[in-house]
Amino acid sequence: MSLNEWLAIIMVLAFFFMMMVGVPVAISLAISGFAAGLIGFGPMLFSLLPARMFGVVSNYTLLAIPLFTFMGVMLEKSRVAEDMLETVGQAMGGLNGGMGLAIVLVGVLLGASTGIVGATVVTIGLLTLPVLLRRGYKPSVACGTICASGTLGQIIPPSLVLILLADILGESVGSIFAAAFLPSLMLAGVYVVYLLLLGRLRPDWVPAIPAQERALLSRRQLWKNIARSVLPPLLLVVCVLGSIIGGLAAPTEAASIGALGALVIAACARRLNRDTLKQTLHGTLSISAMIFLILLCSQPFSLAFRGLGGEALVHDLFSLLPGGELGAILFLMALLFVLGFFLEWIEISYIALPMFLPVFMGYGTDMVWLAILVAMNLQMSFLTPPFGWALFFLKGVAPPGVSTRDIYVGALPFVGLQMLAVALVFFFPTLATWLPKAIGW
């Protein structure tokens, strides 16, 4: 190998080393990229860097990120999500495993309306974990259900993961959203089947709410609660996603509708005040700034890697794999799964994917299908021990009696269910490609 190719390998290893010793991700990316690029090429390599950074900050599609983030944080800070969770739990509690099914359903609704894993897991954990334990749920099952349901926002549109993958892969956001629709519902369905089987085989692990407690709330009042707490966020999601998938609005325009709709819902619930608005703006700024800082700092890294011949090195590596295109995809899935034990999804997206993308372009791989496989794989990174962020979020709000072991053991079956869902999309690509083609994306 040439000296530049060795430099590309050292640059990647240096990035991982700095990550492991606690250097922030964005700083690790920038330092390793600048250092390797300057050693290999001198200042000449970075003559294109200002244009690339300007391309990031002026990307119209990426404007949807702070708008969708605002929508989700507003629904969380105004406690609309809490009301939704309580109402759905009351409606589903009569079944063995019914509270678990309610958590999955709320995870779908919150995922479609917030897309923020930390907020979803913390909200569901605070509200339901003590209740589930008090009603006799096995601690590991309760923890696993909460963590897995909280991560559904990573694959259910409008997800920040899907927006960034569309940008990386050069596909329209609308086509990626449409492609994720059926696989995300399928994954939620797999969770539901698992909990129903648990309710049938081990009812003592997932008992129903006692009839006396359910009788305290009349059916009429339950329907009123559903109309007040569940219907408005559901209509907001339908309007936002429907306008994108139906081609009526661009993702950024639909995101602005979602942000305005979240304000209206909070105002109608009489939860919109100065404190709520301040917390929402602060949360939106923090999340958006983190994402855009990593995007900007990834530019010198990717530019140096490409200039040092890293792409050719990766292409040669993939050429050694058996199985052609399918073998390359399986290798990518395995690599992303392993990286998910140690890295967050955004680092994986902007480090691993740009390296491997030219290989799949050469194969002529359907990028929409590949995007959904990658998104579902990245979703697992939130659940895989030891560094799954959903596990950390839940541990931070769990009652003292819940151990780290309970959380880790509870997450493992859902990691297996997610692997099953990824396998279904891999063997049946039409699950991801049918809807975009049907609506003409």
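Residues numbered from 1 in each chain as written. Predicted model: local features only at pLDDT ≥ 70, side-chain atom pairs only at ≥ 80, totals over all residues. Heavy atoms only, no water.

Peer 1: How should the pattern of salt bridges be read in this particular structure?
Peer 2: Oppositely charged side chains are able to pair whenever their charged atoms sit close together. Counting across every chain of the model gives 1 salt bridge. The closest approach of N and O atoms between R202 and D204, which form a salt bridge, is 3.4 Å. With a relative accessible area of 35%, R202 lands in the partly exposed category. By relative accessible area, D204 is classed as partly exposed at 48%. (Salt bridge = Lys/Arg side-chain N within 4 Å of Asp/Glu carboxyl O. Buried < 20%, exposed > 50% of the residue type's maximum accessible area, 1.4 Å probe, protein only.)

Peer 1: Quick question: what am I supposed to make of the nonpolar core here?
Peer 2: In summary, soluble globular proteins display a tendency toward joint burial of nonpolar side chains. With 141 residues, the main nonpolar core has F68, L164, F177, L332, I372, V374 and L383 as its most contacted residues. If sequence neighbours within four positions are ignored, L332 has contacts with L353, F356, F360, L370 and V374. (Core = buried A, V, L, I, M, F, W, Y, C linked by side-chain atoms within 4.5 Å. Contact = heavy atoms within 4.5 Å.)

Peer 1: I would appreciate a short explanation of helix α13 (residues 231-245) in the present structure.
Peer 2: With 15 residues, α13 ought to run about 21 Å at 1.5 Å a step, and its terminal C-alpha atoms sit 21 Å apart, in line with that. If you check which residues of α13 are buried, you get P233, L236, V237, V240, L241, S243, I244 and I245. Looking one or two places after α13, you find G247, whose phi comes out positive at around 80°. (Helix = DSSP H or I, 4+ residues; strand = E, 2+ residues; numbered from the N terminus. Expected span 1.5 Å × (residues − 1).)

Peer 1: Would you mind showing me how to read the side chain of N225 here?
Peer 2: Tracing the chain through its elements places N225 in helix α12 (residues 219-229). The exposure class assigned to N225 is buried, which follows from its relative accessible area of 9%. Within the structure, the side chain of N225 is placed 2.8 Å from the side chain of R228, a separation counted as a polar contact. (Polar contact = N/O pair within 3.5 Å; in protein donor to acceptor, adjacent residues only side chain to side chain.)

Peer 1: Can you walk me through unusual backbone geometry in this structure?
Peer 2: Trans peptide bonds make up most of the peptide bonds, and negative phi angles are found at most residues other than glycine. Phi is positive for R270, which is not a glycine, with a value near 60°. Note that R270 resides in the loop between α14 (251-268) and α15 (274-307).

Peer 1: Honestly, the packing of α13 against α14 in this entry has me stumped. Any pointers?
Peer 2: Packed helix pairs are specified by the crossing angle of their axes together with the interaxial distance, meaning the distance between the axes. Where α13 contacts α14, the two axes come as close as 9 Å, and the packing angle between them is 170°. By the angle between their axes, α13 is roughly antiparallel relative to α14. When you trace α13 past α14, the crossing you get is right-handed. Counted together, P232, P233, L236, V240, S243 and I244 of α13 and P251, A254, I257, G258, G261, A262 and I265 of α14 form the full contact between these two elements. The residue inventory of the contact of α13 with α14, partitioned by class, reads 10 nonpolar, 3 polar and no charged. (Axes fitted to C-alpha atoms, helices over the stretch in contact; angles between N-to-C directions. Parallel < 35°, antiparallel > 145°, perpendicular 65-115°, else oblique. Left-handed = near helix turned anticlockwise from the far one by under 90°. Nonpolar A, V, L, I, M, F, W, Y, C, P; charged D, E, K, R; others polar.)

Peer 1: Teacher, can you tell me more about a nonpolar patch on the surface here?
Peer 2: Taken together, F181, L182, L185 and W434 make up a surface patch of nonpolar side chains, about 370 Å² in accessible area. Here the nonpolar patch takes 3 residues from helix α10 (residues 173-201), the largest share from any one element. Within the secondary structure, W434 sits in helix α22 (residues 430-438). On the basis of relative accessibility, which here comes to 51%, the residue W434 falls in the exposed class. (Patch = residues over 30% accessible without salt bridge, like charges linked within 9 Å, V, L, I, M, F, W, Y side chains within 5 Å. Areas by Shrake-Rupley, 256 points an atom, 1.4 Å probe, with all protein chains shown as cover.)

Peer 1: What's the story with the packing of aromatic side chains in this structure? I'm lost.
Peer 2: Geometrically, a pair of aromatic rings is defined through the distance of the ring centres and the angle of the planes. Inspection of the entire model under this criterion finds 5 aromatic pairs. Among the aromatic residues, those joined into a ring-pair cluster are Y191, Y194 and F414. For K138, the ring lying beneath its charged end belongs to W205, and the centroid distance is 3.8 Å. (Phe/Tyr/Trp six-rings, centres within 6.5 Å; stacked < 30°, edge-to-face > 60°. Lys NZ or Arg CZ within 6 Å of the ring centre and 35° of its normal.)

Peer 1: Please explain α14 as it appears in this structure.
Peer 2: One turn of the α-helix equals 3.6 residues, which is why residues spaced by three or four share an orientation. Taking 1.5 Å of rise per residue, the 18 residues of α14 would be expected to cover 26 Å, and the 25 Å separating its terminal C-alpha atoms lies within 8% of that figure. Every buried residue of α14 is accounted for by P251, T252, A254, A255, G258, A259, G261, A262, I265 and A266. A positive phi of about 60° marks R270, the residue just after α14.

Peer 1: Explain the side chain of T276 here, please?
Peer 2: In this structure, T276 sits in helix α15. At 3.2 Å, the side chain of T276 forms a polar contact with the backbone oxygen of R271. The residues touching T276, leaving out its near neighbours within four places in the chain, are M74, K77, S78 and R271.

Peer 1: What is the right way to look at the environment of V238 in this model?
Peer 2: Along the chain, V238 falls in helix α13. For the pair V238 and A112, spaced 126 residues apart in sequence, the C-alpha to C-alpha distance is 9.1 Å.

Peer 1: Explanation requested: the packing of α12 against α13 in the structure shown.
Peer 2: Relative to each other, α12 and α13 sit at 40°, their axes nearing to 4 Å. In terms of orientation, α12 and α13 fall into the oblique class. On the side of α12, the interface is formed by I226, A227, R228 and S229, while α13 contributes L231, P232 and P233. Residues that form the contact of α12 with α13 fall into these classes: 5 nonpolar, 1 polar and 1 charged.

By themselves, these observations are geometric and do not establish any function.
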